[in-house]
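Overview (structure and organization)
Chain by chain, the residues:
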Amino acid sequence: MQIALLRYVTALQYMPLRDSPALLDQIAALVPAAVKASLLTGMVALVVLLARADKHRRWSQFEYLPGASTLTLNVASFLTLAAIFLWTRQAGGGDTYWPALLMRATPAIWVGMLASWAGLVAPSRAWREAVARNYLILAPVFLISFISFHSLDAELAGRIGGALIGPTLFLSSRIYSLTGETLSVVGASPEGYPIFGSGDFFGQINPACSGYEGMVLSAVFLGLFFYLEPRKMTALQMAFVILLSCVAVFLLNALRLALLVYVGVHLSPEIAQEGFHTNFGLLGVVVVVVAAVISTRFVLTSEPTAEHVKNEPLPDVAIDVRVRMLLPLIYLIGASLLCGLFSGKFFWLYPLPIVAATAGLYQIRDHLRPLRLELTPTSVLLASATFLAWLQLVPAVPQDSETFQAALFSAPFPLIVLWLSFRVFGAALIVPFAEELAFRGAFTELAQAKLGVYCTESVAQAGAMLIVAVAFGLVHNDFVAGALAGLAFGVARWRRNELGDAIVCHGLTNLLLCFYVLLTGAWAYWL
C-alpha cells in the first residue's frame, strides 16, 4: 500500500510557491526522482546486506523485529504524505498557496519514510556497515538512477552544464579554424543557449552538449572499475585517473562539435543532427573509459591486496572465458556506434552491427557448443509474459511509426526485404546471443562469484539476478521494462541453471515483438 504512494509522487508536478526563491522550487521538483533513486540504491544495499548476513546473525536468522519508534515513524510519515498529496491533487484550481507550501515539507517527510522502510528490513547498524563498506558502488548507483529518473529542466541543467559551454565553444572554434573556415556564434535561442555554426548549417548548444554527462558517465564507470580492481591503488591515483578521463571527454566533446558542423556543412545536415551528434559522444566516452582501464592495468604492477586474494574465487582462466563471452556484445555496440555516425533518421546500416556480432559469436564458437538450446514451457511462459509487459510499459508512438514506415518503404523493394530480414534475424537470434552471453553469462557469473564468498549459493544467485536485471534495464531506453525483461531472462536461466534457456527466452520475446511489429505496423518498437 505504501509503495503505491510512489504512483502519486511519480506523476506529481510541484506547484511554484508565491514569493519563494526559484532555487527552492527547483529543489522541491527533484524530490520524486530522489525518492525513487533512493529506493533503487536501497535495493542494492539490501543485496549487500544479504551477502554479508553472516556478520549480522540475529538479523540473518530472521529474529530481527523493528522497534515501536520505527513503526510509529512509518505510519506517521505515510499518513502525512498521503494527506498532502491528496490535498494537492484536489487543489488544481484556485488558491494553491497552502498546498504548495506544504509541498516544501515533503523532502523531510520522505527522509523519515525511507528511514522507516530501512528500519523495517534490517537494523541500523547493518545499513551503516553496508554503506560504509560499499559507498563506492552505492554512490554511482544513486547518481545514475537519479539522472535516469529525472530529466533536468532547462534552468537547472543550465546551472550544471552552462559553465562549460563557453570553453567548449572556444575550443571547438579553434579546432574548426584548422579547416580554413570559421565557426561562429550568431545568436541565442529563446532559452538563452548559443546558436553556432558555419555556412548554411547552424545548431543550438544545450548544457548537455557541453559534455558534463559524458564526464559523469566516465567517472562512474572508472569508479566501478577501481572498486573491483584487485590491485592496490591510492585514492590520489584514482582521483588523478578520473580527472584525466574527464579532461579527455571534454576535449573529445569540443572535437565532436567542430566535426558536427563540418559534417553538416560539407556532407549531410541530417546525418550530422541525427546520427553523428549522439553516437560520437557515446563512442568518445567508451574510448576514454577503455583507454583509462587498459593504461591503468599496465601501470599497476603491485600484487592484489590480501583481502582480494582471500575473496577472489575465480582463476585467471575463468576470468578470460568471461571476457571472451563479452566479445559479441562489444562488437555489436562498437559497430552500432560507428555506423550511427553516418546514419540519418533511419538506421539503414543496421545489418553491419549484426554481421559484426555474428563474427564475434564465430570467434567464441568453442564456448557456444556446450549450450543447451531447448524450447521449455518455462521459457515460453516467461517470453510471452515479457512480450505482453513490454507492450504495456512501452507503447508505440503512432507518429514515430509513420515516420519509420515512410522512410523504410521509400527504398527499392529488394533493399526493404534485405533490411527486414536482417532486422528479424538480428533481433530474434544474434542480439539475444550477444546480450545473454554478457548479462546472464559473464556478468551474472561474476556477480554470483563475488556474492558467493559471503553467503549461500541461493542468496548469491538471487542477488546476482537482481543486480544484473537492474544493469540490463539501465542500458535500455525504458528502465522499468528493461529491468523486468532482464529479471525474466534471469529466472529462465535460474530455473534449470542453463544459460541456453535465457537465450531462448530472450529470442522468443524478440521474435514475438517482431511478429507484432510486422502485423500491426507499430514500427516505433524498432527505433
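In every chain, residue numbers begin from 1 and rise along the written sequence. Note on the predicted model: pLDDT of at least 70 is required for a residue's local features to be given, and 80 or more for side-chain atom pairs to be given and counted; whole-chain, interface and lining totals, by contrast, use all residues. Side-chain metrics in this entry use all non-hydrogen atoms of the structure; hydrogen atoms and water are not considered.

Right, let's get into the overall build of the protein chain. Broken down by element type, the protein chain carries 23 helices and 3 strands. Out of the 527 residues belonging to the protein chain, those deemed buried represent 44%. Two residues form a contact once any of their heavy atoms are found within 4.5 Å. Counting only contacts in the protein chain whose residues sit at least 6 apart along the sequence, the fraction spanning at least 24 positions is 76%. Using a 1.4 Å probe, accessible areas were evaluated by the Shrake-Rupley method; residue-level cover was limited to the displayed protein chains. Accessible surface, the protein chain: about 27,100 Å² in total, of which carbon and sulfur atoms supply 68%. Strands are runs of DSSP state E lasting at least 2 residues, helices are runs of H or I lasting at least 4, and numbering of each runs from the N terminus. Burial classification: accessible surface area is computed with a 1.4 Å probe over protein chains only, and a residue below 20% of its type maximum counts as buried, one above 50% as exposed, and the rest as partly exposed.

Sheet topology note: the strand β2 (residues 194-198)/strand β3 (residues 201-204) ladder contains 4 bridges and is antiparallel. What sits directly across from serine 198, in β3, is phenylalanine 201. DSSP-based pairing: two strands are paired if at least 2 bridges between them are found. Here β2 folds back onto β3, and the loop between the two strands holds 2 residues, one of which, glycine 199, carries a positive phi near 60 degrees.

A sheet is described by the order of its strands in space; here 3 strands give the open sequence β1-β2-β3, paired in antiparallel fashion. Each end of this open sheet is capped by a strand with a single partner; those strands are β1 (184-188) and β3. Within this sheet the neighbouring strands show an average axis-to-axis angle of 30 degrees, counted without direction. Relative to β2, β1 is paired through 4 bridges, and the arrangement is antiparallel. Each residue of the ladder has a partner; that of glycine 187, found in β2, is isoleucine 195. Axis lines are fitted to C-alpha atoms, over the contacting stretch for helices. Their N-to-C directions set the angle, which ranges from 0 to 180 degrees. Sitting on the sheet, helix α11 (residues 235-266) is in contact with β2 and β3, with an inclination near 55 degrees to β2.

Right, let's get into the pattern of salt bridges. When charged atoms on two side chains of opposite charge get close, those side chains can pair. For this analysis, a salt bridge means a side-chain nitrogen from Lys or Arg found within 4 Å of a carboxyl oxygen belonging to Asp or Glu. Tallying each qualifying case throughout the model produces 7 salt bridges. A salt bridge links glutamate 498 to arginine 372; the shortest N-O distance between them is 3.3 Å. Here glutamate 498, found in the loop between α22 (479-496) and α23 (499-520), pairs with arginine 372, found in the loop between α17 (365-368) and α18 (377-393); they are 126 residues apart in sequence, far enough to count as distant. Residue glutamate 498 is classed as buried on the basis of its relative accessible area, which comes to 16%. Taking the shortest distance from any N to any O, the salt bridge between glutamate 445 and arginine 493 comes out at 3.6 Å. Of this pair, glutamate 445 sits in helix α20 (residues 413-452) while arginine 493 sits in helix α22, and the two are 48 residues apart along the sequence. Among the residues examined, glutamate 445 registers a relative accessible area of 23% and is labelled partly exposed. In this structure arginine 493 comes out as buried when scored by relative accessible area, which is 12%.

With that settled, consider the nonpolar core. Among the nonpolar cores identified, the biggest contains 47 residues, and Leu408, Trp419 and Trp526 are the most heavily contacted of them. For this core, the secondary structure elements donating two or more residues are α15 (327-340), α16 (351-363), α18, α19 (398-408), α20, α21 (457-474), α22 and α23. Excluding its chain neighbours within four sequence positions, the residues that come into contact with leucine 408 are Phe346, Trp348, Ile416, Trp419, Leu420 and Trp523. Residues enter a nonpolar core if they are buried and are Ala, Val, Leu, Ile, Met, Phe, Trp, Tyr or Cys, with the set joined through side-chain atoms within 4.5 Å. Among the nonpolar cores identified, the runner-up in size contains 19 residues, and Phe201, Ala258, Leu337 and Leu341 belong to it.

Further remarks concern the packing of α16 against α20. Running from amino to carboxyl end, α16 crosses α20 at an angle of 40 degrees, the nearest separation of the two axes being 9 Å. If you check the angle between α16 and α20, you find them oblique. Crossing handedness for the pair α16 and α20: left-handed. The segment α16 lies against α20, with Pro351, Ile354, Val355, Ala357, Thr358 and Leu361 engaging Trp419, Phe422, Phe425, Gly426, Ile430, Val431, Phe433 and Leu437. Three categories are distinguished: nonpolar for Ala, Val, Leu, Ile, Met, Phe, Trp, Tyr, Cys and Pro, charged for Asp, Glu, Lys and Arg, and polar for the others, with Gly belonging to the last. Looking at the contact of α16 with α20 residue by residue, the classes come out as 12 nonpolar, 2 polar and no charged. Roughly parallel here means an angle under 35 degrees, roughly antiparallel means over 145, roughly perpendicular means 65 to 115, and every remaining angle is called oblique. Left-handed is the label given to a crossing in which the near helix is rotated counterclockwise from the far helix by less than a right angle, and right-handed is the label when the rotation is clockwise.

Residue placement: serine 379 occurs in helix α18. Setting aside its immediate chain neighbours within four residues, serine 379 contacts Asp501, Val504, Cys505 and Leu508.

This next bit is on a nonpolar patch on the surface. Together, Leu393, Val480, Leu484 and Leu487 make up a nonpolar patch on the protein surface, roughly 300 Å² of accessible area in all. Mapped onto the secondary structure, leucine 487 falls in helix α22. Patch definition: residues above 30% relative accessible area lacking any salt bridge, with like charges linked at up to 9 Å and the nonpolar side chains Val, Leu, Ile, Met, Phe, Trp and Tyr linked at up to 5 Å.

Time to look at the environment of alanine 464. The topology assignment puts alanine 464 in helix α21. The exposure class assigned to alanine 464 is buried, which follows from its relative accessible area of 0%. Counting along the chain gives 19 residues from alanine 464 to glutamate 445, while the straight-line C-alpha distance between them is 7.8 Å. Apart from the residues within four sequence positions on either side, alanine 464 is in contact with Thr444, Ala447, Gln448 and Leu451.

So, about the packing of aromatic side chains. A pair of Phe, Tyr and Trp rings is counted when the ring centres sit within 6.5 Å of each other, with Trp represented by its six-membered ring. The angle between the planes then sorts it: under 30 degrees is stacked, over 60 is edge-to-face, the rest tilted. Going through the model one piece at a time under the given rule, you end up with 16 aromatic pairs. One aromatic cluster in this structure is built from Phe346, Phe347, Trp348, Tyr350, Phe404, Phe409, Trp419, Trp523 and Trp526. One cation-aromatic arrangement involves arginine 365 over tyrosine 362; the distance from NZ or CZ to the ring centre is 4.1 Å. The aromatic ring of tyrosine 350 is capped on one face by arginine 423, whose charged end is 4.7 Å from the ring centroid. For a Lys NZ or an Arg CZ to count as sitting over a ring, it must be within 6 Å of the ring centre and within 35 degrees of the ring normal.

This brings us to the confidence of the model for the protein chain. The pLDDT value tells you how sure the predictor is about a given residue, anywhere from 0 up to 100. Residues of the protein chain with pLDDT of at least 70 account for 72%, and the chain-wide mean is 77. Contacts for the low-pLDDT stretch residues 7-15, under 50 throughout, to residues beyond four places or in other chains number 26 contacts.

Relative to the assigned elements, glutamine 399 resides in helix α19. In the structure, glutamine 399 is positioned 124 residues away from tryptophan 523 in sequence and 9.8 Å away in space, judged by C-alpha atoms.

Attention now goes to the packing of α15 against α16. Taken N-terminus to C-terminus, the directions of α15 and α16 make an angle of 160 degrees; their axes are 8 Å apart at the nearest point. The angle between α15 and α16 places the two elements in the roughly antiparallel class. Here α15 and α16 pass one another in a crossing that is right-handed. Across from Leu327, Pro328, Tyr331, Leu332, Ala335, Ser336 and Cys339 in α15, the residues of α16 making contact are Leu352, Pro353, Ile354, Ala356, Ala357, Ala359, Gly360, Leu361 and Gln363. By residue class, the composition of the contact of α15 with α16 is 13 nonpolar, 3 polar and no charged.

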